[in-house]
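Chains, contacts and geometry: an overview
Here's the letter readout for the chains.
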Amino acid sequence: MNIQIQPGDPVIIIVSGQLDTLSAVDFGKEIQKILESDSLHVVLDANHLTYVSSAGLRLLLTLQKRMSAKGGHLW
């Protein structure tokens, strides 16, 4: 999996490849940095994501819920 983070407002996360159990660890570390920042707007570009495991799906749902909890948005 390839992860690109473009800082700014909104923060843009571009993911490609497979978001599986192994790559979910790295993806989780990256989204944790965003969640701990002051960013309230995140755009997830998953156009080139070819597979998402249940572990990856859990991280995407966590990102959405935590962004909402801090008053932000995930698109």
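Summary of the structure given here.

1. Focus on helix 2 (residues 54-69)
- For helix 2, which comprises 16 residues, the first-to-last C-alpha distance of 22 Å matches the rise-based estimate of 22 Å (1.5 Å per residue) to within 8%.
- Listed as buried for helix 2 are Ala55, Gly56, Leu59, Leu60, Leu63 and Met67. In a view along the axis of helix 2, the buried residues occupy a sector of 145°, so they form one face of it. Exposed positions of helix 2 whose direction lies more than 90 degrees from the buried face are Ser54, Arg58, Lys65 and Ala69.
- Residues of helix 2 that are buried make contact with strand 2 (11-19), helix 1 (21-36), strand 3 (41-52) and strand 4 (73-74).
- Phi for Gly71, located one or two positions after helix 2, is positive at around 85°.

2. Focus on the pairing of strand 2
- Where strand 1 (residues 2-6) lies against strand 2, five bridges are found, and the strand directions are antiparallel. Each residue of the ladder has a partner; that of Gln6, found in strand 2, is Ile12.
- Count of turn residues in the strand 1/strand 2 antiparallel hairpin: four residues, of which Gly8 carries a positive phi of about 135°.
- The sheet contact formed by strand 2 and strand 3 spans eight bridges and is parallel. Bridged to Ile12 within strand 3 is Val43.

3. Brief notes about the pattern of salt bridges
- The final tally for this structure, using the stated rule, is one salt bridge.
- A salt bridge links Glu30 to Lys33; its shortest N-O distance comes to 3.5 Å. Here Glu30 pairs with Lys33, and both are found in helix 1, just three residues apart, close to one helical turn.
- Classification of Lys33 by relative accessible area gives exposed; the value is 54%.

4. Section: the side chain of Ser53
- Tracing the backbone shows Ser53 in the loop between strand 3 and helix 2.
- Judged by its relative accessible area of 8%, Ser53 falls in the buried class.
- The contact partners of Ser53, leaving out residues within four places of it in the chain, are Leu19, Asp20 and Thr21.

What counts, and where the lines are drawn
Residues numbered from 1 in each chain as written. Predicted model: local features only at pLDDT ≥ 70, side-chain atom pairs only at ≥ 80, totals over all residues. Heavy atoms only, no water. Helix = DSSP H or I, 4+ residues; strand = E, 2+ residues; numbered from the N terminus. Expected span 1.5 Å × (residues − 1). Buried < 20%, exposed > 50% of the residue type's maximum accessible area, 1.4 Å probe, protein only. Arc of directions from axis to C-beta. Contact = heavy atoms within 4.5 Å. Pairing = 2+ DSSP bridges. Salt bridge = Lys/Arg side-chain N within 4 Å of Asp/Glu carboxyl O.

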